[in-house]
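So you can see what is in the structure, the chains are spelled out below.
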Amino acid sequence: MTETIVTLVINELVQLITHESKLLRGVHREVVNIRDELESIQCFLQDADKRDLQDGFKTWVNQVREAAYHIEDVIDEYVFHMAQCRNQQGFIASLHKIGRSLKKLKPRHDIASKIQDIKISVREIKERSERYGFNSSEHGSSSSATSVTWHDPRVGSLFIEEDEVVGIESTRDELVSWMVGGASKRSVLSVVGMGGIGKTTLAKKVYENELVKGHFDCHVWITVSQSYNVQKILMSMSKQIYQAKERQIDMTDEIILISQLRKCLQQKRYVVVFDDVWKTEFWEIVKHALPCNDRGSRIIITTRSYLIGVSCKESLSDQVRKLQPLSQDKAWELFCRKAFLSEFQGCCPQELVRLSMNIVKKCEGLPLAIVAIGGLLSTKEKVPLEWQNLHDSLNSELESNPHLTSITKILSLSYHDLPSYLKSCYLYFGMFPEDYSITGARLLWLWVAEGFIKGKKGKALEDVAEEYLMELIHRNLVQVSFGELDYEIDKKYRIHDLLHEIILSKGGELNFSQVLEAGDTTSDGKSRCLSIHSAREDIFETSEYSRVRSVFLFSINEMPRSFMVKLFKKFNLLKVLDFEDAPIDYLPQEVGNLFHLKCLSLRRTKVKILPKSMGRLQNLQTLNVMETPVCELPIEIFRLYKLRHILAHSHDFEIESSLFAMKGVKVHDGVGCLRDLQTLSLVEANHQGVGLFTELGKLSQLRTLGISNMAAENGMDLCASLQNMVQLKVLVVSSISEEEILDLQSISSPPQFLEHIFLRGRLERLPNWILGLHNLVTLGLCFSFLVEDPLICVKTLPNLINLNLHQGYDGEGLHFEVGGFQKLKRLTLKKLNRLKMVEIDRGSLPVLEQLVIGPCPQMKEVPSGIQHLKSLKSLDFYEMQREFVLHLQPDRDKDYWKVKKVTTVRFGYRIKGERYQIYKLGESDLLERLQV
């Protein structure tokens, strides 16, 4: 990690020397010398973080890191002050020129003095390394292990893949039988065991068992964690039961939420899993939301604490099950599956057997450790030397403490094994709360803004960042928490709680990051990244923040203006300012003083107007005003030539889906000057000539473009611009009204990398150029009212995975012909008001997994041939006619035989906007509704 920090500082010095030579007048040579000294030190640091270090060498590494931080501070402060001098205009500037010159003398004098001190300090650090022989981190390695405190967070979901389920098969089968059989009384099972032993894995496999899925009316999975909010948990339970989005559930107090849940579940057979419970008080509250209704309901609780398990045992039907470590045979089987998954048919080569068995033995039967080490070794060359190296490093870690801390040690090895360029990226997950999922795009943009991404010739920084993320996922350090399907655009990622604890500890040790939570009254003032979780306003009073480069706010209930004033006064050198979900309704003019700012997020705030001072943010790369009342971007943003991403669309889920539910922002003429833009979504067509579209044509780096309020006469101009966007991957085009035609026929050479297209507006016919997009994954046709069957045109698209027709077709029949749609996994047929019949040939849609239909008021029966869809797992009908739904019920048997093999069949009825009440096939509440 220290080597990474030094590299970042060297890169900053190189940029300064190259591009800001005028600013360095008088100290240029000293800055070059400092760069040279750091480069000579850098080679000593490459392996410094791969093992425990002796105190002497560790102290020296810390000194190098602090020196690097100090250099960055001095340079950034100097550039900040010089930028302020340049920005001062008006009355003071008009007095006379010498006034500005005098103001520049002091910063120059200060930096000259500080750089001289730094130069001496760096030289002394280097001499000290030579004096004590710190010419390689190997000289600083220690065989003595240090003690690490382990907080034992939830880790089970780290190994829930089928190839990793070893040693729990019989227990799983026993629990499945208990779930679907046994007493009719509501029963509780507490799964107890040490961290990493597989509690969550077992519970998940029981929960996802097909018998269990079919047996229960309602399914709820809640991850509790150490820090939990009862109200949010109750709301999450409601969300899963009603299949609604969390923000659409009314905020009410705990008593009302509990009452609502009790009422809803009273007549249902439900299964609820509370994963990772840490306090006995939790069960004492939530149990009141789970009625004892004698319908065979089941509750599973996973916990480290046997006492918590016992406290949940309130009747003879309740159980406490303590898990044991894997036997040596099962541990070996699991290790081989992970380490040799793609090679040697899952078997260990003979020359590696002895070393591998020793490694497995040291894992002490803990699945978490086996999976982590096996996954790590799967990336290594299968030769004894590589195995020996890892075996040797494992030895000191595991033998120090054969109990809980061994897990932390093993997971820390995964961190230590990371190349230097991944360490900062990985530690960055510590900025987000436990159990937090972050979208991939947001994460990558943050990494780029922080300077973590090392450029590669011919690749955008965002592409390199994505490679970094994929490598972390491959190493089992990061997992996909949402959007695992191929067609999902906004995938989300998270790390497990145990890894989160390790990262927080490591980040604090390195002065990389700090989290301020409720009750914290001061900050160490040394960390580069600061994450504020429910902290008090006076946290800024007693701390120094000159080092901080990133600020994140989470779970802040209120932010008085004094809080904002202090924030902008204290944090002058920020690169990242993330206000997402913060309770703010304005952005002060002082934001323009943050010269170094690269990423500003106001997502889901109530900010309405962006101040003109934003035009001074010359280094800004990402501006996010999604889901805000902002309706216009100030013309001053056209001064921000480094902008790469502008996100400005909003979607109103409280109204029924329509052309007007999604809105963009107005932009002034001149957007074409932002040549580095990769993301621009959603902007409104201004209908004042072709200026906007001419400007868009200059943005050749665009990857995501969203444009709304399109008129028919703008079609040709937009098409001409699109042909210049050779990097475009995502295109959203929305018309000004449902009657207005989207004319997008005039493209002769469409962007060949297009993966996702969403056309929102009336089409006379499907644009011909779409048929040549061999990389197209998603096609959404909304409010298009096509008269001709679009399936004839798109059925041969070789990589189409997601097709959405939302009022996209105005005909009476759709025919999915044999051989068509060979890769389609999700099909949505929504609000096709004239559709009467859907026919599916045997051999069509061979891999379709999800099918959504409705409302389609003219449809009288399920699609003909639906029984041929062998891969279909999920079938959802929305607002369908009464007779249609009745014919599908098991007791009617008219159409039930066609869908009985589908895992999940559901029916949705609108509550409000895009919120639906969801019923399962055969559910009594559904039948009662149909009788009304």
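Residues numbered from 1 in each chain as written. Predicted model: local features only at pLDDT ≥ 70, side-chain atom pairs only at ≥ 80, totals over all residues. Heavy atoms only, no water.

Quick notes on the confidence of the model for the protein chain
Predicted coordinates in areas of low pLDDT are best not read in detail.
At step 1: In the predicted model, the protein chain carries a mean pLDDT of 81, and 78% of its residues have values of at least 70.
At step 2: Confidence drops under pLDDT 50 across residues 136-159; counting only partners more than four residues distant or on other chains, this segment forms 78 contacts.
At step 3: In the predicted structure, residues 244-248 sits below a pLDDT of 50 and forms 10 contacts with residues beyond four places in sequence or in another chain. (pLDDT = per-residue confidence, 0-100. Contact = heavy atoms within 4.5 Å.)

Remarks on the packing of helix 18 (residues 420-427) against helix 20 (residues 461-474)
To characterise two packed helices, one gives the angle between the axes of the helices and the distance between these axes.
At step 1: Where helix 18 meets helix 20, the closest approach of the two axes is 10 Å, and the angle between their N-to-C directions is 80°. With respect to each other, helix 18 and helix 20 are oriented roughly perpendicular. Contacts from Y421, L422, C425 and Y426 of helix 18 reach helix 20 at Y468, E471 and L472.
At step 2: Residues that form the contact of helix 18 with helix 20 fall into these classes: 6 nonpolar, no polar and 1 charged. (Axes fitted to C-alpha atoms, helices over the stretch in contact; angles between N-to-C directions. Helix = DSSP H or I, 4+ residues; strand = E, 2+ residues; numbered from the N terminus. Parallel < 35°, antiparallel > 145°, perpendicular 65-115°, else oblique. Nonpolar A, V, L, I, M, F, W, Y, C, P; charged D, E, K, R; others polar.)

A word on helix 10 (residues 254-265)
At step 1: If you check helix 10, its first and last C-alpha atoms are 16 Å apart, about what 12 residues at 1.5 Å a residue would give, namely 16 Å.
At step 2: Within the sequence span of helix 10, burial applies to L257, I258, L261, C264 and L265. For helix 10, the arc enclosing every buried residue in end-on projection is 130°, short of the 170-degree limit, so these residues lie on one face. Exposed residues lying more than 90 degrees from the buried face of helix 10 are I255 and K263. (Expected span 1.5 Å × (residues − 1). Buried < 20%, exposed > 50% of the residue type's maximum accessible area, 1.4 Å probe, protein only. Arc of directions from axis to C-beta.)

Description of the sheet that holds strand 5 (residues 319-322)
Strand pairing in a sheet relies on backbone hydrogen bonds, with the paired strands running either antiparallel or parallel.
At step 1: The sheet built from 5 strands is open, its strands ordered 2-3-4-1-5 with parallel pairing. The two strands at the open ends of the sheet, each matched to only one other strand, are strand 2 (218-223) and strand 5. In this sheet, neighbouring strand axes are inclined to one another by 15° on average, regardless of whether the strands run parallel or antiparallel.
At step 2: In the packing of helix 9 (residues 230-242) onto the sheet, the strands contacted are strand 2 and strand 3 (270-277), and the crossing angle to strand 2 comes to about 145°. (Pairing = 2+ DSSP bridges.)

Some words on the packing of aromatic side chains
The relative placement of two aromatic rings is captured by the distance of their centres and the angle of their planes.
At step 1: Counted according to the given criterion, the structure contains 23 aromatic pairs.
At step 2: Ring geometry for Y428 versus F552: centroids 5.9 Å apart, planes at 75°, classification edge-to-face. Linking Y428 in the loop between helix 18 and strand 6 (438-439) with F552 in strand 11 (residues 550-554), this pair joins segments that are 124 residues apart in sequence.
At step 3: F552 gets classed as buried once you look at its relative accessible area, which sits at 0%.
At step 4: Here the aromatic rings of F877 and F907 are separated by 5.6 Å at their centres, their planes lie at 20°, and the arrangement is stacked. Of this pair, F877 sits in strand 28 (residues 874-878) while F907 sits in strand 29 (residues 904-912), placing them 30 residues apart in sequence. Exposure class is identical for F877 and F907. Each is buried.
At step 5: The residue whose ring lies beneath K204 is W221, and the NZ or CZ to ring-centre distance is 4.3 Å. (Phe/Tyr/Trp six-rings, centres within 6.5 Å; stacked < 30°, edge-to-face > 60°. Lys NZ or Arg CZ within 6 Å of the ring centre and 35° of its normal.)

Thoughts on the environment of G592
At step 1: When you line up the elements, G592 lands in the loop between strand 12 (576-578) and strand 13 (599-601).
At step 2: A relative accessible area of 4% means that G592 is categorised as buried.
At step 3: Placed 24 residues apart in sequence, G592 and F568 show a C-alpha to C-alpha distance of 9.8 Å.
At step 4: Among residues more than four places away in sequence, those in contact with G592 are S613, R616 and L617.

Here's the deal with the packing of helix 19 (residues 440-450) against helix 20
At step 1: Put simply, helix 19 and helix 20 touch, their axes get as near as 9 Å, and they point 115° apart. On the basis of their axis angle, the class for helix 19 and helix 20 is roughly perpendicular. Seen along the crossing, helix 19 lies across helix 20 with a hand that is right-handed. Packed against helix 19, whose contacting residues are L443, L444, W445, W447 and V448, the element helix 20 presents L461, E462, A465, E466, Y468, L469 and L472 at the interface.
At step 2: Broken down by class, the residue content of the contact of helix 19 with helix 20 amounts to 10 nonpolar, no polar and 2 charged. (Left-handed = near helix turned anticlockwise from the far one by under 90°.)

Some thoughts on unusual backbone geometry
At step 1: In this structure, L682 follows S681 across a cis peptide bond, with omega equal to 5°.
At step 2: Mapped onto the secondary structure, L682 falls in strand 18 (residues 679-684).
At step 3: Omega for the peptide link from G854 to P855 comes to -5°, which places this bond in the cis form.
At step 4: One can find P855 in the loop between strand 27 (850-853) and strand 28.

Some words on the pattern of salt bridges
At step 1: For the structure on display, the rule yields 27 salt bridges.
At step 2: In this structure, E467 engages K456 in a salt bridge whose closest nitrogen and oxygen atoms are separated by 3.0 Å. Of this pair, E467 sits in helix 20 while K456 sits in the loop between helix 19 and helix 20, and the two are 11 residues apart along the sequence.
At step 3: Residue class for E467 comes out partly exposed when judged on its relative accessible area of 29%.
At step 4: Among the residues examined, K456 registers a relative accessible area of 41% and is labelled partly exposed. (Salt bridge = Lys/Arg side-chain N within 4 Å of Asp/Glu carboxyl O.)

What about the pairing of strand 27?
At step 1: Here strand 25 (residues 826-830) runs beside strand 27; their pairing, made up of 4 bridges, is parallel. Along strand 27, the bridge assignment pairs R826 with Q850.
At step 2: Two elements, strand 27 and strand 28, share 4 bridges in a ladder whose sense is parallel. The partner of I853 across the bridge, within strand 28, is F877.

A closer look at the pairing of strand 11
At step 1: With 5 of 5 residues buried, strand 11 lies mostly within the body of the structure.
At step 2: In strand 11, alternate side chains face the same way, and those of S550, F552 and F554 on one face and V551 and L553 on the other are all buried.
At step 3: As paired strands, strand 10 (residues 529-533) and strand 11 are joined by 5 bridges and run parallel to one another. Residue C529 lies in a different strand from strand 11, and its bridge partner there is S550.
At step 4: Bridge count for strand 11 against strand 12 is 3 bridges, and the pairing is parallel. Looking at the pairing, V551 lines up with L577 of strand 12.
At step 5: Traced from strand 11 through helix 22 (residues 561-570) to strand 12, the parallel crossover comes out right-handed. (Right-handed = clockwise from strand over helix to strand, strands pointing away.)

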